[in-house]
Amino acid sequence: MSRSTRELLQITSELANRYIEELGRREVVPGAEAVQGLQEFHEPMPVDGTSPEQVIRRLDRFGSPATVATTGGRYYGFVVGGALPVSVAANWLATTWDQNAGAWALAPVAAELETVAAGWLLEILDLPRNAAVGFVTGSTMGTFSGLACARADLLARLGYDVKRRGLANAPQLRIVVSREIHPTNLLTLSYLGFGLGDIEYSATDEEGRIIPEQMPVLDSRTIVLLQAGNINSGSFDDFEQICREARAAGAWVHVDGAFGLWARASSSKKHLTRGIEKAHSWSVDGHKWLNLPQDSAIYACRKPKVVEEVFGVNATYLMRDGRRQPNNLVPELSRRARGVEFWAALKSLGKRGVEELVNRSCAHARRFAEGLADAGYEVLNDVVLNQVVFACRDETATRDALARIQASGVTWLGPTTWKGRLCMRISVSSWATTDEDVQRSLAVMERAIQGEVLK
Ligand SMILES: Cc1ncc(COP(=O)(O)O)c(C=O)c1O
């Protein structure tokens, strides 16, 4: 290695370490000055180059302060997840390898680690062990992939080969989803050519679970989308009953388990997912609750032949040698080696570590719920997982309290609409959250409802 490359990587490592060390001391979201600093990047395309060291120092100087501290312990907005140190380190090493994980011959290590991680994931999530597993960017693409398989399989069973004949004259399929569906699922349906106006919505109960008795009648032209982990309440659909009925009718069930599928890894939470293994396909993020760096998810499909039919690439140069070829399982060909981070996190945590991570986040969420109720907030969901929805007595008070919490710099969470009401939502999904983080954040929330200005 040249001296300059070694120095560059050492400098970068020092900057990264400093970033991590400062996480606990800095404000959770960037202040106005840091955001203003981003203007430094807006310059005309340079004619002459800049040394790599200067480029990285500039990136750190103006970039690092303008990040949102999602890898710290006091960020509870959206459902994001932090980044386990081992997964960051594995990501660095794999980026250095710069493997193209599309085909075994291009990246044996990436392909083999995917194979290993896929097997471990099916085991820890307790899904059919012979399911095909594809490594994708996020749950959105995971659901897209599962639904592409659903579409192909249902149409094939109706005697229609969609890959060859296209959608124009295809028999119409039906889509049944929850009224509480995550909006990204609607996007995936539109990417696949399903008209959003034709979707059949199923009524939900007070926790956002589909009411099975009120679902439309299912048939062999129906794709049903269920949820493991409602984005607000964290609730789970009744997989047992709905999958039984769907199977009897010949319908396909896909489960959006972006974060909630990890409940499978916890012996005290697994009961929430009863019957989920009877679905046909599932998607789950690595970058949320498993705390991998962003851009990492999987989907699994119980019908490997359908996956191969949908995503298999027939090009002689791509070599089909009987090995698992990652590109034949996902929409992309060239891509980064996502399986490396999955492998590293699972190897480092083990089953016990993943279970502990899930249980710890859920315990923090319960502590939040208790503290919020004591402080005078109304907790509006049954806190079965890592999500807490809460509000003040009226919308104005909620809006004010949220603004104060967000401005505190100590913690950050976002608004949501729950049962038609403006609320706030906490998602505890970072490995880094400690009891102390919860206490500090709760103290801010307590003062916010009292109307205290926190800055
Ligand atoms: C329940 C649910 N489904 C799907 C998604 C989309 O996942 P991604 O952003 O990884 O594509 C999210 C993201 O927050 C989610 O919470």
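Residues numbered from 1 in each chain as written. Predicted model: local features only at pLDDT ≥ 70, side-chain atom pairs only at ≥ 80, totals over all residues. Heavy atoms only, no water.

**Student:** How should the overall build of the chain be read in this particular structure?
**Tutor:** Counting secondary structure elements, the chain contains 13 helices and 11 strands. What you see for the chain is a C-alpha radius of gyration of 23 Å, in line with the 23 Å of a compact globule of 455 residues. Viewed in the frame of its principal axes, the chain has a C-alpha envelope of about 65 × 65 × 45 Å. Within the span of the chain, comprising 455 residues, buried residues form 53% of the whole. Considering only contacts in the chain between residues 6 or more positions apart, those separated by 24 or more positions represent 73%. Roughly 20,500 Å² of accessible area belongs to the chain as shown, and the carbon and sulfur atoms make up 53% of that amount. (Helix = DSSP H or I, 4+ residues; strand = E, 2+ residues; numbered from the N terminus. Rg over C-alpha atoms; globule rule 2.2 N^0.38 Å. Buried < 20%, exposed > 50% of the residue type's maximum accessible area, 1.4 Å probe, protein only. Contact = heavy atoms within 4.5 Å. Areas by Shrake-Rupley, 256 points an atom, 1.4 Å probe, with all protein chains shown as cover.)

**Student:** What exactly am I supposed to notice about the site of the ligand here?
**Tutor:** Surveying the vicinity of the ligand reveals 13 residues, the closest of which are Thr140, Asp256, Asp285, His287 and Lys288. Residue Thr140 places a side-chain N or O atom 2.5 Å away from an oxygen atom belonging to the ligand. A distance of 2.7 Å separates a nitrogen atom of the ligand from a polar atom in the side chain of Asp256. Isolated, the ligand exposes 390 Å² of accessible area, and the fraction of that covered by the protein chains is 85%. (Near = heavy atom within 4 Å. Polar contact = N/O pair within 3.5 Å; in protein donor to acceptor, adjacent residues only side chain to side chain.)

**Student:** Got a minute to help me understand a nonpolar patch on the surface in this structure?
**Tutor:** On the surface, Leu93, Trp97 and Val109 cluster together into a nonpolar patch covering about 250 Å² of accessible area. Summarising the element assignment, Trp97 is placed in helix H4 (residues 85–97). A relative accessible area of 34% means that Trp97 is categorised as partly exposed. (Patch = residues over 30% accessible without salt bridge, like charges linked within 9 Å, V, L, I, M, F, W, Y side chains within 5 Å. Salt bridge = Lys/Arg side-chain N within 4 Å of Asp/Glu carboxyl O.)

**Student:** Help me understand the packing of aromatic side chains in this model?
**Tutor:** Each pair of aromatic rings is reported with the distance of its centres and the angle of its planes. All chains considered together, the criterion is met by eight aromatic pairs. Ring plane angle 75 degrees and centroid distance 5.0 Å describe the contact between Tyr76 and Phe368, whose orientation is recorded as edge-to-face. Placement of Tyr76 in the loop between helix H3 (52–63) and H4 and of Phe368 in helix H11 (residues 338–375) is noted, with a sequence separation of 292 residues between them. Tyr76 gets classed as buried once you look at its relative accessible area, which sits at 0%. Three or more aromatic residues joined by ring pairs form one cluster here, namely Tyr75, Phe78 and Trp412. Its end group placed over the ring of Trp104, Arg323 keeps NZ or CZ at 3.6 Å from the ring centre. (Phe/Tyr/Trp six-rings, centres within 6.5 Å; stacked < 30°, edge-to-face > 60°. Lys NZ or Arg CZ within 6 Å of the ring centre and 35° of its normal.)

**Student:** I tried to follow the side chain of Arg338 on my own but got confused; where do I start?
**Tutor:** Mapped onto the elements, Arg338 comes out in helix H11. In terms of polar contacts, Arg338 uses its side chain to reach the backbone carbonyl oxygen of Asp295, at 3.0 Å. Apart from the residues within four sequence positions on either side, Arg338 is in contact with Phe135, Val136, Thr137, Asp295, Ser296 and Glu332.

**Student:** How should I be thinking about the environment of Glu33 in this particular structure?
**Tutor:** As for its position among the elements, Glu33 is in helix H2 (residues 32–37). Put simply, Glu33 and Leu357 are 324 residues apart on the chain and 35 Å apart in space, counted from C-alpha to C-alpha.

**Student:** Can you walk me through the domain arrangement of the chain in this structure?
**Tutor:** Taken domain by domain, the chain comprises domain 1 (3–69) and domain 2 (90–345). Spacing between the C-alpha centres of domain 1 and domain 2 amounts to 36 Å. (Domains from an automatic or database assignment.)

**Student:** How should unusual backbone geometry be read in this particular structure?
**Tutor:** Residues apart from glycine generally show negative phi values, whereas peptide bonds are mostly found in trans. Even without being a glycine, Asp126 presents a positive backbone phi close to 50 degrees. By the element assignment, Asp126 lies in the loop between helix H5 (108–124) and strand E1 (132–136). A relative accessible area of 26% places Asp126 in the partly exposed class. Phi at Lys419 takes a positive value of approximately 55 degrees, unusual for a residue other than glycine. Note on Lys419: relative accessible area 52%, which makes it exposed.

**Student:** Looking at this model, I keep getting lost on the state of the cysteines. Mind explaining?
**Tutor:** All chains considered together, the criterion is met by zero disulfides. Free cysteine Cys392: the closest other cysteine sulfur is in Cys423, separated by 9.7 Å. (Disulfide = S-S within 2.5 Å.)

**Student:** Help me out: how do you make sense of the pattern of salt bridges in this one?
**Tutor:** Should the charged atoms of two oppositely charged side chains come close, the side chains can pair. Taken as a whole and assessed by the stated rule, the structure comprises 32 salt bridges. Across the pair Glu277 and Arg264 runs a salt bridge, and its minimum N-O distance is 3.3 Å. You can see Glu277 sitting in the loop between strand E5 (252–256) and strand E6 (281–285) and its partner Arg264 sitting in the loop between E5 and E6, a full 13 residues away along the chain. With relative accessibility at 27%, the residue Glu277 sits in the partly exposed group. Overall, the relative accessible area of 5% leaves Arg264 in the buried class. It is possible to trace a salt-bridge network through shared partners that takes in Asp126, Arg129, Glu240, Arg264, Lys270, Glu277 and Lys278.

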